[in-house]
Amino acid sequence: MCRKVIVFLCVLLCLYNTSIAQDIEGIVINSKTKTPLPFVNIIYNDQGHGTTTNIDGVFNINGNNIKKLHISYLGYYNDTILVDESKITIELQPKTYNLEEVIILPGENPANRIIQKVIENRDLNNPEKMQSFSFQSYNKMIFTEELETKPEIDSSINSDYLFKDQHVLVMETVNEKKFIRPDKYNETILASKVSGFSDPIFSLIASQVQALSFYNEFFTIMDKAYINPISKGSINRYFFMLEDTLFNERGDSIFVISYRPKKGKNFIGLKGFLHINTNRYAVQSVLAEPLEKDQGMGIKIKQNYEWIENTQWFPKELITEITFDKNNLIAKGKSYISNIDLNPDLNEKEFGNVELKMADDIQNKTDQYWDINRTQALTEMDKRTYHIIDSISEVYNLDRKLRNLEIIINGNIPVKCFDLPLNKIMDYNDYEGYRLGLGIMTNDKISKLFSIGGYFGYGFKDEEWKYGGDLILNVHKKSESKIHFSYSKDVKERSGYKFNEKPDFTTTEIYRKYMIENMDWVEMYEASYSFQSLQYLSSNIFFNQSVVSPTNNYDFTQNPTNLVNEFTFNEIGLKFRYAYNEKFMQTLRSKYTLGTNYPIFFGNIVKGVNWIDGEYEYAKYEAKITKSFRSKSLGKTKITLVGGLVKGNVPISKLYNGHGSYQSFSIESENSFGTMRMGEFYSDRFFSIFVKHDFGNILIRSEKFSPKFSLVHNYGIGSLSSKSNHITDIPLQSIEKGFYEGGILINNILNQSFLGYGFGIFYRYGPYSFNKTANNFSYKLSLTIGL
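Notes on the structure follow. If you're wondering where the values come from, they're calculated on a predicted model, not measured in any experiment. (Residues numbered from 1 in each chain as written. Predicted model: local features only at pLDDT ≥ 70, side-chain atom pairs only at ≥ 80, totals over all residues. Heavy atoms only, no water.)

### Some details on the sheet that holds strand 43 (residues 726-728)
Next, step 1: The sheet built from 3 strands is open, its strands ordered 31-30-43 with antiparallel pairing. Edge positions in the sheet fall to strand 31 (562-564) and strand 43, since each has one partner strand and no second. Each strand axis lies, on average, 35 degrees off the axis of its neighbour in the sheet, ignoring direction.
Next, step 2: Bridge count between strand 30 (residues 554-559) and strand 31: 3 bridges; the pairing is antiparallel. (Pairing = 2+ DSSP bridges. Helix = DSSP H or I, 4+ residues; strand = E, 2+ residues; numbered from the N terminus. Axes fitted to C-alpha atoms, helices over the stretch in contact; angles between N-to-C directions.)

### Overview of unusual backbone geometry
Next, step 1: Cis geometry is found at the peptide bond from R181 to P182, where omega equals 10 degrees.
Next, step 2: By the secondary structure assignment, P182 is in the loop between strand 9 (169-180) and strand 10 (184-194).
Next, step 3: Here I612, not a glycine, exhibits a phi torsion of approximately 45 degrees, which is positive.
Next, step 4: Following the sequence through the fold, I612 ends up in the loop between strand 35 (600-609) and strand 36 (618-631).

### Some thoughts on the nonpolar core
Next, step 1: In terms of nonpolar packing, the biggest core is built from 40 residues, with F214, F240, I257, Y259, L274, I276 and V283 touching the most fellow members.
Next, step 2: For this core, the leading source of residues is helix 2 (residues 110-120), giving 5 residues.
Next, step 3: Discounting residues that sit within four places of it in the chain, L274 has contacts with I115, F214, I230, F255, V256, I257, Y259, V283, S285 and V286.
Next, step 4: With 34 residues, the next largest nonpolar core counts V28, I43, V174 and I319 among its residues. (Core = buried A, V, L, I, M, F, W, Y, C linked by side-chain atoms within 4.5 Å. Buried < 20%, exposed > 50% of the residue type's maximum accessible area, 1.4 Å probe, protein only. Contact = heavy atoms within 4.5 Å.)

### A short note on the packing of aromatic side chains
Next, step 1: By the definition in use, this model includes 46 aromatic pairs.
Next, step 2: Ring geometry for Y458 against W465: centres 4.9 Å apart, planes inclined by 50 degrees, an arrangement best described as tilted.
Next, step 3: Three or more aromatic residues joined by ring pairs make a cluster, and in this case those are Y554, F556, F567, F569, Y616 and Y618.
Next, step 4: It is K424 that lies over the ring of Y455; its NZ or CZ is 3.9 Å from the centre. (Phe/Tyr/Trp six-rings, centres within 6.5 Å; stacked < 30°, edge-to-face > 60°. Lys NZ or Arg CZ within 6 Å of the ring centre and 35° of its normal.)

### Here we look at the sheet that holds strand 1 (residues 24-30)
Next, step 1: The 3 strands are arranged 4-1-7 in an open sheet whose pairing can be described as mixed. On the outer flanks of this sheet lie strand 4 (58-61) and strand 7 (87-92), each paired with one strand and no other. Across the sheet, the mean angle separating the axes of adjacent strands is 25 degrees when strand polarity is ignored.

### Focus: helix 2
Next, step 1: Every buried residue of helix 2 is accounted for by A111, N112, I114, I115, V118 and I119. Down the axis of helix 2, the sector holding all buried residues measures 160 degrees, keeping them to one side.
Next, step 2: Residues of helix 2 that are buried sit in contact with helix 3 (122-125), helix 6 (234-237), strand 13 (238-247), strand 14 (253-261), strand 15 (270-277) and strand 16 (282-290).
Next, step 3: Where helix 2 begins, the capping side chain belongs to N109, and its oxygen is found 3.0 Å from the backbone nitrogen of A111. (Arc of directions from axis to C-beta. Polar contact = N/O pair within 3.5 Å; in protein donor to acceptor, adjacent residues only side chain to side chain.)

What follows is the structure, given as structure tokens:
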């Protein structure tokens, strides 16, 4: 009996040793570049069972009697490996592979049937269709220089050493992300490390390059939307090819399908391949990149999903590779998702309009914290980068320069405890010409409770000085409540309108101010209270008194014997902005909008009163609505509606000009009439509609030349009662019959960094067109900013 037990134990030990010996851990790499290859197909027995490498090219196999591994990967030669050890490195040889070669399939394409099932199951597999989820992610991004040509840097730094032995930049973050259906996110950057910088502003990049889920109609990479190959109707747009089939240990089939836009289909699409698991026909992994590089920048994304809690497919690993041809840089970002909690009971009160924020102690995490939360330990190259770049940063004070750069982006130049507003230093308009001056405001270094300052400026064309002062009291930070007292003696556009909105430097609307010709002198005292009244509603309540003097020959009369050319107005009013579901990201110093998919509403309600020497009683109602629509195949359409109404008999300063932006040759300014002369029309009630359709680069596409075409059509109508009350050299006219114009823009003919230069032509037609055809044309320089 004892002998039998010993023999039995020996057999068990042999079996145990055999199973241990057959546990295989390996990595698959490119034989030339030595970089890991994700999602490589590995078949390890005669039944076709297999696995795939993860996002880092790593695989693990637990099994018995594994003697061979059959390796296949799209774009590489197949290989068969004899297994003689438990840890192996497999090198695959790349081959010339063209996704665009013509392939003719007999009968129905089997890949289309599979993709159709994926589309039918999108909502079932999309994590963002769940009731809720939460997870933690470790994100790492490196900027490195892998080519022979080195970028130019300071001559005092040994560039060979700098780029040979470490990266240009390393950044790491630990994020916590929560979600409640349908679209509420609450993401906090818990920890951040950036080589050379203690300021965590760069940490916003590491986890925000690509979208979390691959199941939406459009897949966004670097804020650019591409038609998803598994969106509705994609079978008509994309060509799919079944490249391989394998099986996992659960018995699921995994289809490897390549995809690319069909020839003759013109849309902004992707190419790459998908691993489709027959378990709910879900995406198990995806590799995607734009069909062509975008102006010298190439992007690849990879995502790997896992079947979590026998319930839901969920992304576990995300990778992004960005190549910058102009400066030979490569950015590689990886995100590893852990602590996934499906359908947790989350508190909706934690979800506000700030979608991404930084923890207060983001910069104070210990080395032990990082050791626990890093999915992979730092390489020696990573460590050298932190050491060397941190030292360089200390010498060149890069942290301070970065903080100053963020402040400048927000419109100020910091000088110790003062901020100098950029728009007060130098400006231009057609009335003043070039304007030079200086403004100064105290900043947080003096007090976080208030800011006080003033400005002065001189216009070289009108040869006049302007000046003013401000006192701002910060009442409540969370609701952005501020009390603002101001005084100014300055010029202001005659009969213009202004809503509760900040300048958006990504639109061309900001250029109209340079073309303004008609100004009034305005001396104004104002007190206002601005605050965030509801989650998506920002408001500004104000009271002001102003004395207005026209700068040209103008008189106003309410009876023939009384001509007036200086007017005193007292106004009380409300300005508001409502942007439903608008999201923001909050840094340690500033708040930036992430936009909204819903219309944005602006409104002004102003009441002119006769308090304290006010001479006119009237009411003004103004509204503006903007909305953008994206089409899968035709690009993006933006529509803006603007209207205004004055009730009461008022001087020209309180009317509405036509909002023209014509000059014989000028910069294109959207949401204005490019062929309407400045001050050509005036109304006391008006309505305008501005439509701009941007085709993007779907009409002409290449790596080096990628112009973007836009069509514009604008319409306006208005009326003016009591024209006889306004005495001018040229009688006022309004646009009762309707003003029409159309135009075409060719943007991005030339590119320089983030600036795009182009050209446009506008044409005026309809009741107010000129008899001379040439006068109906307006020629525009197109200047776009892409951030």
